[in-house]
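Chains, contacts and geometry: an overview
Each chain, letter by letter, is given below.
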Amino acid sequence: FFDDAANGVVINIEGRPYQFQAGKFVPFNIKNLPPDSSLILSDSQGGFWFSGKDHIHSLQNGSLKSYSLAGFNHGTDYRVAYRDQHGSFWIGFFETDDNKYSLLRIKNERIQEVRLPGESVSHLAEDAQGNLWLSIYSKGIFRMDRAAVVADEIPADAVEPVMEIDGISTNATPPPREP
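The following refers to the structure shown. Being a predicted model, the structure only gives us computed values, none of them experimental.

Moving on: the pattern of salt bridges. Taken as a whole and judged by the stated rule, the model has four salt bridges. Residues lysine 107 and aspartate 152 are paired through a salt bridge, measuring 3.5 Å at the closest nitrogen-oxygen approach. Taken as a pair, lysine 107 in strand E11 (residues 102-107) and aspartate 152 in the loop between helix H1 (146-150) and strand E16 (160-161) lie far apart in primary sequence, 45 residues in all.

As structure tokens, this is what we get:
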């Protein structure tokens with residue numbers, strides 16, 4: 001379920017978004033949105049984000065924009081989507097075309113892939129300082145500091161394990177470093 005800007009509800013049925021109107025769900029029709037596009041995020045600015053076969057689509061203030069995922073590890077199964085306080089959009093995929101896991105960021109009309117430690121991101125959260133926290137399936141809790149989150153180019157080693165919090169293990173193991 002997703003909230004819409006009119007205090008309604010939007011759901012995906014068979015891979016297509018439907019909006020609750022006049023007591024029933026009706027197709028959520030958006031001009032030029034491909035029919036294979038599922039709603040994946042209703043953001044805090046009133047925008048909608050959709051995932052299609054090879055694209056991410058953003059509907060902001062009535063304007064639809066599409067981003068090609070060609071050349072990036074992605075699949076049709078997204079795990080998590082998030083829009084941070086700086087306006088960047090993040091999406092994590094699992095079961096990608098090459099059986100890899102990926103986290104992509106769209107910032108300033110550009111897509112960048114973030115290297116992950118061998119599993120998919122299951123949750124994203126952002127703290128008041130702008131650090132991005134990631135729960136990575138079977139690997140534990142990880143963090144990207146604000147400098148990496150807002151950077152135009154995300155450093156390769158930006159995703160760091162959080163080994164413990166107040167003496168409690170997060171089950172994170174440091175990712176192997178490449179020589």
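Let's pick the thread back up.
Attention shifts here to a nonpolar patch on the surface. A cluster of nonpolar side chains, Phe1, Ile13, Phe20 and Phe25, forms an exposed patch at the surface whose accessible area comes to about 440 Å². Within the fold, phenylalanine 25 resides in strand E4 (residues 24-27).

Side chains of nonpolar character tend, in soluble globular proteins, to be buried together. Formed by 17 residues in total, the largest nonpolar core has its most connected members in Trp90, Leu103, Val121, Leu124, Leu134 and Met144. If near-sequence neighbours (up to four positions away) are discounted, methionine 144 is found in contact with Trp90, Val114, Asn131, Leu132, Leu134, Val149, Ile154, Ala158 and Val159.

This part is about the packing of aromatic side chains. This structure, assessed with the given rule, holds five aromatic pairs. With a centroid separation of 5.0 Å and an interplanar angle of 65°, the aromatic rings of phenylalanine 20 and phenylalanine 25 are classed as edge-to-face. Judged by its relative accessible area of 41%, phenylalanine 20 falls in the partly exposed class. Taking 6.5 Å as the distance between ring centres and 40° as the angle between the ring planes, the aromatic pair formed by phenylalanine 48 and phenylalanine 50 counts as tilted. Its relative accessible area of 6% is what places phenylalanine 48 among the buried residues. Within the aromatic cluster, the residues linked to one another by ring pairs are Phe28, Phe48 and Phe50. Taking NZ or CZ as reference, arginine 143 lies 5.9 Å from the ring centre of tryptophan 133, over its face.

To continue, consider the environment of phenylalanine 20. Mapped onto the elements, phenylalanine 20 comes out in strand E3 (residues 16-21). Separated by 10 residues in sequence, phenylalanine 20 and valine 10 place their C-alpha atoms 6.4 Å apart.

What follows deals with the side chain of glutamine 112. Its location among the elements puts glutamine 112 in strand E12 (residues 110-114). At 3.2 Å, the side chain of glutamine 112 forms a polar contact with the side chain of glutamate 153. One polar contact links the side chain of glutamine 112 to the main-chain amide nitrogen of isoleucine 154, over a distance of 3.1 Å. With sequence-adjacent residues up to four places away left out, glutamine 112 is seen in contact with Phe72, Leu103, Leu104, Arg105, Asp152, Glu153 and Ile154.

It is worth spelling out the sheet that holds E16 at this point. Read across the sheet, four strands follow the order E13-E14-E15-E16 without closing on themselves; strand pairing throughout is antiparallel. Single-partner strands in this sheet number two, and they are strand E13 (121-126) and E16.

What follows deals with the sheet that holds strand E5 (residues 38-42). Judged by pairing direction, the sheet is antiparallel, and its four strands sit side by side in the order E5-E6-E7-E8 without closing on themselves. The strands lining the two open edges of the sheet, one partner per strand, are E5 and strand E8 (63-68). Pairs of neighbouring strands in the sheet enclose a mean axial angle of 25°, with direction left out of account. Of the pairings in the sheet, the one linking E5 to strand E6 (residues 48-51) comprises four bridges and is antiparallel in character.

The rules we used
Residues numbered from 1 in each chain as written. Predicted model: local features only at pLDDT ≥ 70, side-chain atom pairs only at ≥ 80, totals over all residues. Heavy atoms only, no water. Salt bridge = Lys/Arg side-chain N within 4 Å of Asp/Glu carboxyl O. Helix = DSSP H or I, 4+ residues; strand = E, 2+ residues; numbered from the N terminus. Patch = residues over 30% accessible without salt bridge, like charges linked within 9 Å, V, L, I, M, F, W, Y side chains within 5 Å. Areas by Shrake-Rupley, 256 points an atom, 1.4 Å probe, with all protein chains shown as cover. Core = buried A, V, L, I, M, F, W, Y, C linked by side-chain atoms within 4.5 Å. Buried < 20%, exposed > 50% of the residue type's maximum accessible area, 1.4 Å probe, protein only. Contact = heavy atoms within 4.5 Å. Phe/Tyr/Trp six-rings, centres within 6.5 Å; stacked < 30°, edge-to-face > 60°. Lys NZ or Arg CZ within 6 Å of the ring centre and 35° of its normal. Polar contact = N/O pair within 3.5 Å; in protein donor to acceptor, adjacent residues only side chain to side chain. Pairing = 2+ DSSP bridges. Axes fitted to C-alpha atoms, helices over the stretch in contact; angles between N-to-C directions.

Remember that the coordinates give geometry; whether it matters functionally is a separate question.
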